[in-house]
Amino acid sequence: MLTRRNKLVLLKLLSLFSVVRGYNILVIVLAQYFTSIFILAPHIGLRHILLDPNLFVIVLASTGVIAAGYIINNFYDKEKDLINRPQKTMLDRLVSQRTKLTGYFILNFLSVVCASYVSFRAVMFFSLYIFAIWLYSHKLKKFPVVGNVMAALLAITPFFAIFIYYKNFDEVIFVHATFLFLILIIREIVKDLGNLRGDLAHNYKTIPIFYGEKTSKQIISTLLLISGLPIYLLLTRYQIGFMYLYFLLCILFLVIFLFALWMSKKKTHYVWLHNILKFIIVTGTFSIILIDVNMILDKILW
């Protein structure tokens with residue numbers, strides 16, 4: 001039987017997990033390792049990648065910076081989120097603002113210390129990443145277009161860290177990154193459509209507020225059509241193994257998404273649209289292993 005004190009401790013741990021978006025971080029960690037194994041370093045054995053201390057430190061530093069980024073974003077958005085996401089905000093408030101800020105500085109400091117194990121360039125990379133996240137959370141996210149593009153860039157930055165580490169400049173990697181980047185921008189605009197009340201109340205000049213709901217949907221529709229280009233290239237020009245099944249599924253879901261977008265009017269509708277995009281992103285993480293199924297056995301035996 002849990003005591004009242006133990007229940008409070010568990011609630012605070014749950015609150016902290018909610019603040020740092022632990023589930024998102026887990027997906028990013030898996031995506032970094034899957035990308036390393038199947039895309040960036042297919043010629044290196046599985047054991048060597050999993051036991052590579054430099055890669056582990058890069059992933060660990062990325063995890064720390066991302067967690068800290070969620071904390072500082074939560075700190076600046078606390079009033080806005082009380083309107084947009086009241087239930088989550090009440091849970092997040094179980095951890096004091098002072099504790100959150102302390103965690104923010106500790107996580108960033110430890111991330112830079114970890115990066116120093118790899119190289120001075122890694123220290124500079126993660127220091128700039130930390131600054132960019134702070135600048136986005138404090139200023140840039142309040143502006144249309146710039147905020148959305150910056151959010152998408154920050155989301156894919158952890159993959160650039162391992163991209164630079166392996167020095168793999170294959171064209172197919174940029175095509176994959178372009179598709180992910182477009183989906184992330186679309187997701188940010190959809191989030192803004194669902195957060196209109198809170199954004200208006202706190203003077204956020206997002207795309208839906210600055211240009212209107214109809215124009216926002218037109219922008220999303222255009223980005224969806226553009227995202228069809230990397231999908232087409234990946235299906236016809238590059239060897240992606242059974243991952244073609246994922247992109248065929250993406251086409252189906254994006255067509256459904258487009259029709260649902262123009263019928264959406266309420267916040268709950270935009271939440272569903274956001275969930276469709278999240279499903280596409282998360283499914284894409286696990287579908288990376290489909291690029292070369294035989295490679296899985298080869299790497300295990302290597």
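It should be noted that the structure appears before, not after, this text.
Note on numbering: residues in each chain are counted from 1, in written sequence order. Whole-chain, interface and lining totals are the exception, using all residues; otherwise, since this is a predicted model, local features are given only for residues with pLDDT of at least 70 and side-chain atom pairs are given and counted only at 80 or more. Note that the side-chain values use all heavy atoms of the structure and ignore hydrogens as well as water.

## Quick word on a nonpolar patch on the surface
Among the surface-exposed residues, Leu235, Phe242, Tyr244, Leu245, Leu248, Ile251, Val255, Phe259 and Met263 lie close enough to one another that they form a single nonpolar patch of about 860 Å² accessible area. Only DSSP runs of H or I covering at least 4 residues are called helices, and only runs of E covering at least 2 are called strands; the numbering of each starts at the N terminus. If one sorts the elements of the nonpolar patch by residue count, helix H14 (residues 244-263) sits on top with seven residues. Along the chain, Phe242 falls in the loop between helix H13 (213-236) and H14. Between buried and exposed lies partly exposed: a residue is buried under 20% and exposed over 50% of the maximum accessible area for its type, with that area taken using a 1.4 Å probe on protein chains only. Among the residues examined, Phe242 registers a relative accessible area of 47% and is labelled partly exposed. Patch construction takes residues with relative accessible area above 30% that form no salt bridge. Like charges are linked within 9 Å, and nonpolar side chains (Val, Leu, Ile, Met, Phe, Trp, Tyr) are linked within 5 Å. The method behind every accessible area is Shrake-Rupley, applied with a 1.4 Å probe, and residues are considered shielded solely by the protein chains displayed. Any Lys or Arg side-chain nitrogen found within 4 Å of a carboxyl oxygen on Asp or Glu counts as a salt bridge.

## What about the packing of helix H2 (residues 22-40) against helix H9 (residues 146-166)?
When two helices pack together, their arrangement is given by the angle between the helix axes and by the axis-to-axis distance. Every angle, taken between N-to-C directions, lies between 0 and 180 degrees, and every axis is a line fitted to C-alpha atoms, over only the stretch in contact when it is a helix. One way to put it is that H2 packs onto H9 with a least axis distance of 10 Å and a crossing angle of 30 degrees. The orientation of H2 with respect to H9, classified from their angle, is roughly parallel. Our pair here, H2 against H9, has a crossing hand that is right-handed. Between H2 and H9, the residues in contact are Ile28, Ala31, Gln32, Thr35, Ser36 and Leu40 and Pro158, Phe159, Ile162, Phe163 and Tyr166, respectively. Orientation categories follow fixed angle ranges, with anything under 35 degrees roughly parallel, anything over 145 roughly antiparallel, 65 to 115 roughly perpendicular, and all other angles oblique. By definition, turning the near helix anticlockwise from the far helix through less than a right angle yields a left-handed crossing, and turning it clockwise yields a right-handed one. Pairs of residues are marked as contacts when any of their non-hydrogen atoms sit within 4.5 Å.

## Digging into unusual backbone geometry
With a phi close to 65 degrees, Val145 is a non-glycine residue in the positive phi region. If you trace the backbone, Val145 turns up in the loop between helix H8 (120-138) and H9. Val145 gets classed as partly exposed once you look at its relative accessible area, which sits at 39%.

## A few points about the layout of surface pockets
Looking at the second largest pocket, its volume works out to about 240 Å³. Definitions used throughout: a 1 Å grid over protein atoms alone; a cavity as a set of points that fits a 1.4 Å probe which cannot get out; a pocket as an open set with protein on both sides within 12 Å along at least five of seven lines; a lining residue as one with an atom within 4 Å of a point. Lining the second largest pocket, in full, are Ile58, Val118, Ser119, Arg121, Ala122, Phe125, Phe126, Ala161, Ile164, Tyr165 and Lys167. Elements with a contribution of two residues or more to the lining of the second largest pocket: H8 and H9. For the lining of the second largest pocket, the element with the most residues is H8, which contributes four residues. Gly counts as polar in this scheme, as do all residues outside two lists: the nonpolar Ala, Val, Leu, Ile, Met, Phe, Trp, Tyr, Cys and Pro, and the charged Asp, Glu, Lys and Arg. A class-by-class count of the residues in the lining of the second largest pocket yields eight nonpolar, one polar and two charged. Grid points are joined across faces, edges and corners, and a volume is the space filled by probe spheres set on the points.

## Looking at the packing of aromatic side chains
Each aromatic pair joins two rings of Phe, Tyr and Trp (for Trp, the six-membered one) with centres within 6.5 Å, and gets the label stacked for planes under 30 degrees apart, edge-to-face for over 60, and tilted for any other angle. Inspection of every chain in the model, using the stated rule, returns 14 aromatic pairs. On the numbers, 5.3 Å between centres and 80 degrees between planes, the contact of Phe125 with Phe126 is edge-to-face. Phe125 gets classed as partly exposed once you look at its relative accessible area, which sits at 23%.

## A word on the nonpolar core
Residues enter a nonpolar core if they are buried and are Ala, Val, Leu, Ile, Met, Phe, Trp, Tyr or Cys, with the set joined through side-chain atoms within 4.5 Å. Counting 81 residues, the largest nonpolar core has Phe179, Ile220 and Phe257 as its most contacted members. In terms of residues, this core owes the most to one element, helix H10 (residues 171-194), which gives twelve residues. Apart from residues no more than four positions distant in its own chain, Phe257 is found in contact with Ile186, Val190, Ile220, Leu224, Leu273, Ile276 and Leu277.

## Some details on the pattern of salt bridges
For the coordinates displayed, the defined rule picks out four salt bridges. Of the charged contacts in the structure, one is a salt bridge between Glu188 and Arg187, with a shortest N-O distance of 3.6 Å. Arg187 matches Glu188 in its accessibility class, with the two residues each being buried. The partner of Glu213 in a salt bridge is Lys217, with the nearest N and O atoms 3.7 Å apart. With Glu213 and Lys217 both in helix H13 and four residues apart, this pair spans about one turn of that helix.

## Regarding the environment of Leu107
Its place among the elements puts Leu107 in helix H7 (residues 97-118). Those residues in contact with Leu107 that lie beyond four places of it in its chain are Gly64, Ala67, Ala68 and Ile71.

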